[in-house]
Amino acid sequence: MWESFLEGLPMVLRWDTFGMVSLGLILGMIVGALPGFTTIMAMAVLLPISFFLDPMLGIPFLIGVYKGGIYGGSIPAILVSMPGTGAAVATTFDGPSLTKKGQSRKAMEIALFASVTGDFSSDIITILFIGPIAILAMKIGPPELAAIILLSLIIISATTSGVFVKGLIMCCAGLFFAMIGQDPLGGMSRFTFGMFAIKSGIPLLPMLIGLFAIPEILSAVESGISGFIDKKYLTRSGERLTLKEFRSCLKTIFRSTGIGTTLGIIPGVGQVVSAFVGYAAAKNASDHPETFGKGELEGVAAAEAANNAVNGPTLVPLLTLGIPGDKITAILLGAFIAQGLRPGPQLFAEQGSLVYALLIVMLVANLLFLFLGYVLVPLFAKVVTIRKSALLPLTAVFAFAGSYVYRSDPIDLLILVFFGMFGYVAKKLSFDVTPMVMGYILGPVLEYSFGQTVNLARGDLLNYTFIERPVTAVILGLTPIMTALLWWRTVKLRRKKAAIESEQAGEKMIPAP
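Residues numbered from 1 in each chain as written. Predicted model: local features only at pLDDT ≥ 70, side-chain atom pairs only at ≥ 80, totals over all residues. Heavy atoms only, no water.

A. Spatial organisation of the overall build of the protein. Looking only at helices and strands, one finds 22 helices and two strands in the protein. Within the span of the protein, comprising 513 residues, buried residues form 55% of the whole. Taking the contacts inside the protein whose residues are at least 6 apart along the sequence as the reference set, 80% of them involve residues at least 24 apart. (Helix = DSSP H or I, 4+ residues; strand = E, 2+ residues; numbered from the N terminus. Buried < 20%, exposed > 50% of the residue type's maximum accessible area, 1.4 Å probe, protein only. Contact = heavy atoms within 4.5 Å.)

B. Examining the packing of helix α4 (residues 55-72) against helix α16 (residues 327-338) more closely. Between α4 and α16, the shortest axis-to-axis distance is 10 Å and the interhelical angle comes to 165°. For the element pair α4 / α16, the angle class is roughly antiparallel. The two elements α4 and α16 cross, and the hand of that crossing is right-handed. Counted together, Ile59, Leu62 and Tyr66 of α4 and Ile328, Leu332, Ala335 and Phe336 of α16 form the full contact between these two elements. Its residues assigned to classes, the contact of α4 with α16 shows seven nonpolar, no polar and no charged. (Axes fitted to C-alpha atoms, helices over the stretch in contact; angles between N-to-C directions. Parallel < 35°, antiparallel > 145°, perpendicular 65-115°, else oblique. Left-handed = near helix turned anticlockwise from the far one by under 90°. Nonpolar A, V, L, I, M, F, W, Y, C, P; charged D, E, K, R; others polar.)

C. Structural context of the packing of aromatic side chains. Using the criterion set out here, one finds 14 aromatic pairs in the structure. Between tyrosine 279 and phenylalanine 292, the aromatic rings sit 5.7 Å apart at their centres with planes inclined by 75°, giving edge-to-face as the arrangement. With tyrosine 279 in helix α13 (residues 270-285) and phenylalanine 292 in the loop between α13 and α14 (297-308), this residue pair connects regions lying 13 residues apart in the sequence. Between phenylalanine 418 and phenylalanine 419, the ring centres sit 5.0 Å apart and the planes meet at 80°, which makes this aromatic pair edge-to-face. Since its relative accessible area comes to 44%, phenylalanine 418 is described here as partly exposed. Taken together, the ring pairs connect Phe176, Phe177, Phe191, Phe418, Phe419 and Phe422 into an aromatic cluster. The ring centre of phenylalanine 431 lies 5.0 Å from the NZ or CZ of lysine 166, which sits over that ring. (Phe/Tyr/Trp six-rings, centres within 6.5 Å; stacked < 30°, edge-to-face > 60°. Lys NZ or Arg CZ within 6 Å of the ring centre and 35° of its normal.)

D. Inspection of a nonpolar patch on the surface at higher detail. On the surface, Ile124, Ile125, Leu128, Phe129 and Ile133 cluster together to form a nonpolar patch covering roughly 440 Å² of accessible area. For isoleucine 124, the location among the structural elements is in helix α7 (residues 104-138). (Patch = residues over 30% accessible without salt bridge, like charges linked within 9 Å, V, L, I, M, F, W, Y side chains within 5 Å. Areas by Shrake-Rupley, 256 points an atom, 1.4 Å probe, with all protein chains shown as cover. Salt bridge = Lys/Arg side-chain N within 4 Å of Asp/Glu carboxyl O.)

E. How the structure looks around the pattern of salt bridges. With the rule as written, the count across this model stands at nine salt bridges. The salt bridge partner of glutamate 109 is arginine 240, with a shortest N-O separation of 2.9 Å. With glutamate 109 in helix α7 and arginine 240 in the loop between α11 (214-222) and α12 (243-264), this residue pair connects regions lying 131 residues apart in the sequence. Residue glutamate 109 is classed as buried on the basis of its relative accessible area, which comes to 2%. Arginine 240 sits in the partly exposed class, given a relative accessible area of 42%. Put simply, Arg14, Asp16 and Asp54 are held in one network by salt bridges that share partners.

F. Structural detail: unusual backbone geometry. Look at serine 430: it is not a glycine, yet its phi comes out positive at around 65°. You can see serine 430 is positioned in the loop between α19 (411-428) and α20 (434-457). Unlike most non-glycine residues, arginine 458 shows phi in positive territory, near 55°. Checked against the element boundaries, arginine 458 lands in the loop between α20 and α21 (461-468).

G. Quick peek at the state of the cysteines. With the rule as written, the count across this model stands at zero disulfides. Free cysteine: cysteine 171, not disulfide-bonded; nearest cysteine sulfur from cysteine 172 at 5.8 Å. Owing to a relative accessible area of 6%, cysteine 171 belongs among the buried residues under this scheme. (Disulfide = S-S within 2.5 Å.)

H. Here's a closer look at the side chain of aspartate 123. Note that aspartate 123 resides in helix α7. For aspartate 123, a relative accessible area of 1% corresponds to the buried category. Once residues lying within four places of it in the same chain are set aside, the contact partners of aspartate 123 are Lys67, Gly312, Met362, Leu363 and Asn366.

This is the structure in structure tokens:
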């Protein structure tokens, strides 16, 4: 591991790598600062650019977009109470109140410093622990891998969707789409309905862009093209953050970093959950919890440190097991596959230096992030005034062009439109497409691993799985328990939400005295 780390270091020290990371950071922050434009949309649309670049340029570029977009979402959340990304929802609790006090500059700077601190710290932890985890992953055989993927799909289905059953339905849909094309074991064609274009399977890129970018574009059009946001929010930026104020938030930042780092390793949890948990922990630990929600710097710091601390650990299941933990890592997996790299235990064995080089890039990106963010915060603050009507058509053009240029096959445009409409309908019906994407990506691996397990069992699958492979037996034993717990958790959340809504409805019916 140490040798791979040292070999990866010179691969990072290139001006073109620094340049692509910086470009990704700037584009990510710009897109994140646009209300209604998500980091997912930006990465899906910009994904094709990485295909034509060296792996040490294309993937760092997307990492830059990822990191910049998560922070960029805090800018409109602070200025106009409109989170640019889902991860910035918790930032709206205190950010707008600080803006009304004339302290928007302080709020954006504490968001920047908390983001960089949380992200940098979690990246260091990721680099220290990903090697030992990869060594354990190399000991995993086909039975264990199949069991882990099955458990991961159930966890992802439960944690990324509001309703467990809906998540499982979408996961099964993804597994079905993964079966279209050739059987990974026998090479036989299936579910192609005589269509030659999909005999090799559904291409990943048009599917990703269709599911993540097109529904966002259609939803933005449906909600109406907004005009310029009132510039009164930008007239009083206030004073800069002082060192004393930053120090007072350090305890909160490190607490949220620990929360984000821990939750980031769990597939499907993501930045939104981490931000809320980090904010709640800061409020509970505060000596003055009554100030939270009324313009508290610690509130902004807690949310931003927690949601950015997820960035590094979320790559652990992707790089060690080939299991993407959320939408962002699903798109990154697409970039790896397009470069001829398949994340998993073998990637560490065959190209360990490249893996560590990409992890070092994340540390470098944080340093560039700190510099660019601090210098360009006033510029990014003005991005919230850009009209959607000027950007939505351009985004749509990029989506269609990106889907076409990878293979130059017109069928990819039809696939883009199909999955775009599929994703839009799913969004309208409150179905999260993330489990479907995970099912599609992990389906072939699950099928291949299960097929290998059946062959290794030599006709006695139960004895081989539960007696000869005790780790597999433990994982399979945990699966129904986890399923029941996650199902009960979603039921409780739905009941709690229904109780709150009925209570609010009752309060509205009571006439004022």
